[in-house]
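Chain residues, written in single-letter form:
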Amino acid sequence: MLNISDFSLSFGDKKALNSIDLSITAGEKVAVIGSSGSGKSTLISHINTQLHGSAAYCSQQQGLVESLSIFHNIYMGALGRNSALYNLLNLPFPFKKPLEEIAIIAQDLELDCPLSQPVSKLSGGQRQRTAVGRAIYQKMPVFIGDEPFSALDPLMSKRLIKYVLQQHESVIMVLHDMSMALQYFDRVIGLRNGKKHIDTKASSLSIEMLQDFYQDSMNQEFVVNDSAIVGSAFCD
Ligand SMILES: Nc1ncnc2c1ncn2[C@@H]1O[C@H](COP(=O)(O)OP(=O)(O)OP(=O)(O)O)[C@@H](O)[C@H]1O
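Residues numbered from 1 in each chain as written. Predicted model: local features only at pLDDT ≥ 70, side-chain atom pairs only at ≥ 80, totals over all residues. Heavy atoms only, no water.

As annotated in an unreviewed UniProt entry, the protein chain is ABC transporter from Shewanella piezotolerans. According to the UniProt record, the Subcellular location (unreviewed entry) comment for the protein chain is "Cell inner membrane". (UniProt positions renumbered as here; feature names shortened; annotations may be inferred.)

### Looking at the UniProt feature "domain: ABC transporter" (unreviewed entry) in the protein chain
Sequence positions flagged by UniProt for "domain: ABC transporter" (unreviewed entry) are, in local numbering, residues 2-218. Helix and strand shares over residues 2-218 are 39% and 25% respectively, and the end C-alpha atoms of the span are 30 Å apart. (Helix = DSSP H or I, 4+ residues; strand = E, 2+ residues; numbered from the N terminus.)

### Quick word on the side chain of Asn48
Within the secondary structure layout, Asn48 lies in helix α1 (residues 40-50). If near-sequence neighbours (up to four positions away) are discounted, Asn48 is found in contact with Ala55, Tyr57 and Ile144. (Contact = heavy atoms within 4.5 Å.)

### Some words on the site of the ligand
The ligand sits among 14 residues. The nearest are Ser36, Gly37, Lys40, Ser41 and Thr42. At 3.0 Å, a backbone N or O of Gly39 approaches an oxygen atom of the ligand. Measuring from an oxygen atom of the ligand, one finds a side-chain N or O atom of Ser41 at 2.7 Å. Out of a free accessible area of 630 Å², the ligand has 61% covered by protein chains. (Near = heavy atom within 4 Å. Polar contact = N/O pair within 3.5 Å; in protein donor to acceptor, adjacent residues only side chain to side chain. Areas by Shrake-Rupley, 256 points an atom, 1.4 Å probe, with all protein chains shown as cover.)

### Concerning the sheet that holds strand β8 (residues 195-201)
Spatially, the six strands line up as an open sheet ordered β4-β5-β6-β3-β7-β8, and their pairing is mixed. On the outer flanks of this sheet lie β4 (55-58) and β8, each paired with one strand and no other. On average, each strand axis in the sheet is tilted by 15° relative to the strand beside it, whichever way the strands run. Judged from the four bridges that link them, strand β3 (residues 29-34) and strand β6 (residues 170-174) form a sheet pairing that is parallel. The partner of Val30 across the bridge, within β6, is Ile172. Strand contacts of α1: β3, β4, β5 (142-146), β6 and β7 (187-192), with the helix running at about 155° to β5, the strand carrying the most contacts. (Pairing = 2+ DSSP bridges. Axes fitted to C-alpha atoms, helices over the stretch in contact; angles between N-to-C directions.)

### Topic: the nonpolar core
Generally speaking, soluble globular proteins have nonpolar side chains that are buried together. Membership of the largest hydrophobic core comes to 48 residues, with the highest contact counts inside it found for Ile33, Val132, Phe143, Ile161, Val164 and Phe185. Top contributing element to this core by residue count: helix α6 (residues 154-167), with six residues. Taken domain by domain, this core gets at least three of its residues from each of domain 1 (1-54 + 142-236) and domain 2 (65-139). Those residues in contact with Val132 that lie beyond four places of it in its chain are Cys58, Leu109, Phe143, Pro148, Phe149 and Val164. Residues Val30, Leu43, Ile144 and Val174 belong to the second largest nonpolar core, which totals 20 residues. (Core = buried A, V, L, I, M, F, W, Y, C linked by side-chain atoms within 4.5 Å. Buried < 20%, exposed > 50% of the residue type's maximum accessible area, 1.4 Å probe, protein only. Domains from an automatic or database assignment.)

### Notes on the pairing of β8
Note: β7 against β8, six bridges, orientation antiparallel. The partner of Gly190 across the bridge, within β8, is Ile198. Following β7, the chain reverses through two residues before pairing antiparallel with β8; Asn193 in that reversal takes a positive phi of roughly 50°.

### Quick notes on the environment of Ser38
The topology assignment puts Ser38 in the loop between β3 and α1. In this structure Ser38 comes out as buried when scored by relative accessible area, which is 2%. Ser38 sits 161 residues away from Asp199 along the chain, and the two C-alpha atoms are 15 Å apart. If we ignore the near neighbours within four places in the chain, the residues touching Ser38 are Ala16, Leu191, Arg192, Asn193 and Gly194. Within polar-contact distance, the side chain of Ser38 engages the backbone oxygen of Ser35 at 2.7 Å.

### Digging into the state of the cysteines
Inspection of every chain in the model, using the stated rule, returns zero disulfides. Here Cys58 is not cross-linked by a disulfide; its sulfur's nearest cysteine counterpart is in Cys113, at 16 Å. A residue is classified by how much of its surface remains accessible, and Cys58, at 3% relative accessible area, is buried. (Disulfide = S-S within 2.5 Å.)

Now the structure itself:
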């Protein structure tokens, strides 16, 4: 499904990704972890570009339209599927079919406020779920999410991660919750300073190993010379 070979990306002097090799097969559920600034968002944004047309991407920025309702923001996921005229008419007079479909998605995402509510009046968690709803309504085989439920309480976050996993053939998700990464995903990719340090089956990792990985990442935050990080316990 995806093959990335020796991919690097810099922002000015900052090397955000450093010689990344990555293959992902259809059907895989991949968690991407790493400390802040390690390159996770940059990596999944690149993956989204590579999978253009088959992936729904839920970025941290969300890109919601503040003045429009929950319904219309979620409906945006279907803009490409329908004609311009249908989309235009659906704005003032929503059609029955999308109304019903979006009501189900909103219910599944535990969005219990009226669908007519403008996004500007939503909480952080409600906004995140609206953005995820829009991605789900794209009906793509692949879901790419950048901490899509970070504003939710842990139990709701758990339920909704399970829901997103059920709705898509393949999922690539950045998340900081190590236990969820191990419990719900097949594979874990760990980034440190733009390099891939972990890429293995979730079943071969433990919470302690991931805690060590985060601790080592923190310890090396001040290391300027990249050569000092070679020799990780996980990857070259
Ligand atoms: N548009 C940009 N311009 C300049 N630097 C950038 C830009 N985007 C990312 N960076 C830098 O690239 C590095 C990787 O950023 P990235 O957002 O991918 O990290 P991250 O692991 O997703 O972080 P977080 O967990 O905080 O979201 C960081 O040092 C960041 O400052």
